[in-house]
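# Remarks on the overall topology
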Amino acid sequence: MLRAGRILWVPTDCPVAWFGSPRPSARTFMSTAANSAFALLLLAAVPGVGAQAQTSSGYGAAATVVRSDFSPVHATSSVTRERAQQAGASTPGQMLELMEGVTVQRTTSVSAAPFVRGLTGYRVLIMLDDLRLNTPLTRVGGNALLNLIDPESVERIDVIRGPASVMHGSDALGGVVRVMTRDTGARPRSQPEAFAAGQLRGASAEQLLSARGAVGGVASAFGARLSFARATAGQVVRGDDRGPQPHTGHDAWSLSSRLDAQPAPKHRVSLAHHSGHLFDVPRPDISVPGDVSLVQRLDRDAVVLSYAGRFSDPGLWARAFAGMAVQRQWRQRLRAGETRDERDRVLSYHAGVRVGARPWHMGTLTVGADASLEDIGSGALSRRVGEPAAAERGRYVDGSRYDSYGVSALLSQGVGADWTVLVGGRANLVHARAPRDPVFAPELAERLRLDRRMFGLVGSAGVRYELAQDWAWVTSVLSGFRAPNLEDFQALGTGARGFSVPNPELDVERSYTVETGLKGEGRIEFQLFLFATWLSGLVVRVPGELDGMSVVDGRPVRTRGNASDSTLLGGEAILSHHFDSGIFVGASAWATFGRTRRPGDAGGLLSEPASKVPPPMGRLRFGYMTRPRRFWVMGTLRSALPQHALSEADKGDPRICEQGPQACTAAPGFAVLSVAAGLQLDNRLTVSLGLENLFDSAYKTFASGAYAPGRNLTLSLRAEM
């Protein structure tokens, strides 16, 4: 909120402004569709909802959600739906690749794990509106959490770069990626209107064909929307005439629905349902002829009810949500004479409330509480030639639980005309517990029984000084924490880099960050940040034993321990400008450098480069757009330097060093040029054409198992009415 050149902070979710197994059978699809239809019908009995709908902020208009800055003292980035459509990005993972300061890892063709300030996996929190998508089974490597989100429902993606545990709890060590979904446009006394949208997209090197669409409307103070997406992709065709990459390709579909009711200008209730499904996703980094690993199916369904309201102006406001989600995964490993099927399920319940007030002059106080309760199911079935199928323990202990409770407070205080100070804190309790592990003998099983209570206490402080209108200097001191999850505590079995065995004695990881920078937020967007992060008690793989054996299934035995400390130093520079003529240019660069101290395999402490830290990266954007938006053309040059600073674990990771640890001296860099153009033929039809990877390079982004497509011609047709 701007006033006389200074900023009074209002949290993003404050309602300040309302503008802003096997393949699925038909029965499975219809069951999920029925769930979404039921969610839409819950309010359909209210007069007016069934009428034609949508406001003037419809699918063809500008975004109706206010720009998110999270906090005036944080380093942040955003990418909008409109920018994604212009660049040809069709999934949330591809949208994230457009964002400055973020590197995307692709272990499979559907993975999209963000690196933020040198951290990834379960050390970066991913959210869908208010819902945490990280689960107790999230791994340190690549994941497909983002690409389970229906792309047609996405309004924008926001990223906090740097620890954000004060407001968001565990896992937010590197930052937070938050996907914001689309509003229906319902407002009090809205005129009845309806909307529909549909899009077809094809991509040559991805061998992809996708379709997506949405229908809905508004009437009076009520709105509804139903959207879907369906995609199928073959093997990725690599550049440099290397041909299709084996063990890639997938199928996907998603469905989402939303109901909004805003009977009064200051109060809104929303009910949303999200359903995402991926099928037949191989692991190219660990699959070879005769030994293939793949995810047969990955599902997530979630229902969230939320409320936001203001009780005085500019005084008290509140936001609350409650939701339920279930995530299921079926994995399969096919080896000569043997098939192993694994299944995991996480059933979770989430709730939270946040209340804000202005108790005194130029001050804003926000307090909140949240909880998540998660139940885990896991199992496996092995079949060998000539033997009956045998039920076995899965990667995790069936019937485990993982519960988290947190309270937080954040104070924003204006000091004079130009200064803003923010101070916050959070207390978090995590309780992980499980039955006896059926794999081990009773005495050992009792010793390995999981019943851990972990406490996280974090704080943050920041100051912002207004140098001029839309320009500010900011400095922050931030702390974060991550409670070990069940993947850390319980993982048992063969993985990419060893045979994992459980350790129930793990403790919390902690981080401390100091950052300072300049932010320009007007027509010229400018950010220059420098940061230093210290991480202690990091959970890493260390040598272990299983019944006295140090090698199982041909792989070294590993367990997890709080055995590593790291230091990360880096910076981000972002500059973009839109000229009155319609020309726009943007340049950005970011880099993180790190060192780690950990126990060496031969004993003693080993100092080495921090593991899985991406190399310095840069991006140059340029183009032209008419006003109003009828035609645009743009180019993007992305580049990454070779990464010579590799840890021993990096050299043993086939996603980083394909040629093996003995021959690996660096992860290769790349430079890729892509162009895109679009033409809005009338108010209803838009044609977009893109040529990605213009020079047909064969490359992977850092730590990826799947190659990026070679020269990739894309064509998209979108109709809106």
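What you see is a predicted model, and the numbers here were worked out from it, not measured in a lab.

The subject of this paragraph is the pairing of strand β34 (residues 617–625). Pairing analysis gives 8 bridges linking strand β32 (residues 583–599) to β34, with the strands arranged antiparallel. Each residue of the ladder has a partner; that of Ala 587, found in β34, is Leu 620. Relative to strand β35 (residues 631–640), β34 runs antiparallel, the two sharing 9 bridges. From the neighbouring strand, Met 617 faces β35, where its bridge partner is Ala 640.

Either a parallel or an antiparallel arrangement is found when strands of a sheet pair, and the pairing is made through backbone hydrogen bonds. With mixed pairing, the 5 strands of this open sheet are ordered in space as β3-β8-β9-β6-β7. Where the open sheet ends on each side, the last strands, each with one partner, are β3 (75–80) and β7 (131–132). Sheet analysis places strand β6 (residues 124–128) next to strand β9 (residues 175–181), joined by 5 bridges and oriented parallel. For Met 127, the partnering residue across the bridge sits in β9 and is Arg 178.

Now for the state of the cysteines. Summed over all chains, the structure comprises 1 disulfide. The disulfide that involves Cys 657 links it to Cys 664, with 1.9 Å between the sulfurs. In this structure the cystine formed by Cys 657 and Cys 664 twists about its S-S bond by roughly -50°; its chirality is therefore left-handed. Residue classification places Cys 657 among the buried residues on the basis of a relative accessible area of 2%.

Assignment of secondary structure puts Glu 466 in strand β24 (residues 451–468). Of note is the side chain of Glu 466, whose polar atom sits 2.7 Å from the side chain of Arg 464.

Membership of the largest hydrophobic core comes to 28 residues, with the highest contact counts inside it found for Leu 96, Leu 146, Ile 157 and Val 177. Of all elements in the fold, only α3 (92–96), β4 (102–105), β6, β8 (154–161), β9, β17 (291–310) and β18 (317–335) reach the threshold of two or more residues within this core. Residues in contact with Leu 96, not counting those within four places in the same chain, are Val 102, Val 104, Pro 114, Leu 146, Ile 157, Val 159 and Val 177. Counting 24 residues, the second-largest nonpolar core is a separate cluster that includes Met 167, Val 346, Leu 410 and Phe 481.

Here we come to the pattern of salt bridges. Applying the stated criterion to the full structure yields 53 salt bridges. Asp 183 serves as the salt-bridge partner of Arg 187, at 3.4 Å between the closest nitrogen and oxygen. Considered together, Arg 187 and Asp 183 belong to a single accessibility category, that of buried residues. Note that Glu 658 and Lys 700 form a salt bridge whose closest N and O atoms lie 3.6 Å from each other. Here Glu 658 is found in the loop between α7 (648–651) and β36 (670–680), whereas its partner Lys 700 is found in the loop between β37 (685–692) and β38 (712–720), with 42 residues between them in sequence. A relative accessible area of 48% means that Glu 658 is categorised as partly exposed. One network of salt bridges, in which partners are shared, links Arg 123, Arg 139, Arg 395, Arg 482, Glu 487, Asp 488, Glu 509 and Arg 560.

What counts, and where the lines are drawn
- Residues numbered from 1 in each chain as written.
- Predicted model: local features only at pLDDT ≥ 70, side-chain atom pairs only at ≥ 80, totals over all residues.
- Heavy atoms only, no water.
- Pairing = 2+ DSSP bridges.
- Helix = DSSP H or I, 4+ residues; strand = E, 2+ residues; numbered from the N terminus.
- Disulfide = S-S within 2.5 Å.
- Buried < 20%, exposed > 50% of the residue type's maximum accessible area, 1.4 Å probe, protein only.
- Polar contact = N/O pair within 3.5 Å; in protein donor to acceptor, adjacent residues only side chain to side chain.
- Core = buried A, V, L, I, M, F, W, Y, C linked by side-chain atoms within 4.5 Å.
- Contact = heavy atoms within 4.5 Å.
- Salt bridge = Lys/Arg side-chain N within 4 Å of Asp/Glu carboxyl O.

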